[in-house]
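# Descriptive structure summary
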Amino acid sequence: MSEEETILQREKEGRLENEFMVVLSKQPRYNNSTGKYSLNFAGRVKLASVKNVQMVYAGQEEVLMQFGKIGKNDFILDFQYPFTPMQAFAFGLTSLAYKLANEGG
């Protein structure tokens, strides 16, 4: 395979649209009333956390999956197609595992 045909190069050139589904973490927007960057979880997430995340198709706004903190040790995980329950659950576990690994327990 030549360098021109790598997945990274094809993505840079916009040639992946019909080959792969690109899903990204939605970027937070600045909220003038709070003076902070935030995501709109439509009331589902109650606490600020670096673990709060929403996944969207590249270039779109529709939330495909969201994971967020609702209590001291409680989180929500909402998802829809194209994610399967197993994929969504694995995503949530990786978010929590990273926290546990870096906090030592």
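Let me begin by describing the structure that accompanies this report. (Residues numbered from 1 in each chain as written. Predicted model: local features only at pLDDT ≥ 70, side-chain atom pairs only at ≥ 80, totals over all residues. Heavy atoms only, no water.)

This part covers the overall build of the protein chain. For the protein chain, the count of helices and strands is 2 helices and 6 strands. Counting from the amino terminus, the protein chain carries its helices and strands in the arrangement α-β-β-β-β-β-β-α. Here the protein chain holds 105 residues, and the buried ones make up 25% of them. Summing over all exposed atoms, the protein chain offers an accessible surface of approximately 7800 Å²; the carbon and sulfur share of this is 54%. (Helix = DSSP H or I, 4+ residues; strand = E, 2+ residues; numbered from the N terminus. Buried < 20%, exposed > 50% of the residue type's maximum accessible area, 1.4 Å probe, protein only. Areas by Shrake-Rupley, 256 points an atom, 1.4 Å probe, with all protein chains shown as cover.)

Taken in spatial order, the 4 strands of this open sheet run β1-β4-β5-β6, and their pairing is antiparallel. A strand with exactly one partner marks an edge of an open sheet, and here the two such strands are β1 (23-25) and β6 (74-79). Within this sheet the neighbouring strands show an average axis-to-axis angle of 15°, counted without direction. When β1 meets strand β4 (residues 53-57), the two strands line up antiparallel, connected through 3 bridges. Bridged to Leu 24 within β4 is Val 56. (Pairing = 2+ DSSP bridges. Axes fitted to C-alpha atoms, helices over the stretch in contact; angles between N-to-C directions.)

Turning our attention to the pattern of salt bridges. Summed over the entire model, instances satisfying the criterion amount to 3 salt bridges. With its nearest N and O atoms 3.3 Å apart, the salt bridge here joins Glu 61 to Lys 26. On the criterion of sequence distance, the pair formed by Glu 61 in the loop between β4 and β5 (63-71) and Lys 26 in the loop between β1 and β2 (29-31) is long-range, its members being 35 residues apart. Look at Lys 26 and you get buried, because its relative accessible area is 18%. With a shortest N-O distance of 2.8 Å, Asp 78 and Arg 44 are connected by a salt bridge. Within this pair, whereas Asp 78 is found in strand β6, its partner Arg 44 is found in the loop between β3 (36-38) and β4, the two being separated by 34 residues in sequence. Each member of the salt-bridge network shares a partner with another, and the members are Lys 26, Arg 29 and Glu 61. (Salt bridge = Lys/Arg side-chain N within 4 Å of Asp/Glu carboxyl O.)

Moving on, we get to the pairing of β4. Judged by how many residues are buried, β4 sits mostly within the fold: 5 of 5 residues are covered. Where burial is concerned, the two faces of β4 agree: the one with Val 53, Met 55 and Tyr 57 and the one with Gln 54 and Val 56 are both buried. Following β4, the chain reverses through 5 residues before pairing antiparallel with β5; Gly 59 in that reversal takes a positive phi of roughly 80°.

Glycine aside, residues mostly have negative phi angles, and peptide bonds mostly take the trans form. Each neighbour pair has its own omega, and for Tyr 81 with Pro 82 the value is 20°, a cis peptide bond. Within the secondary structure layout, Pro 82 lies in the loop between β6 and α2 (85-103). In this model, Ala 42 sits at a positive phi of 50°, which is unusual for a non-glycine residue. Turning to its location among the elements, Ala 42 is positioned in the loop between β3 and β4.

Purely spatial values, then, with no claim about function.
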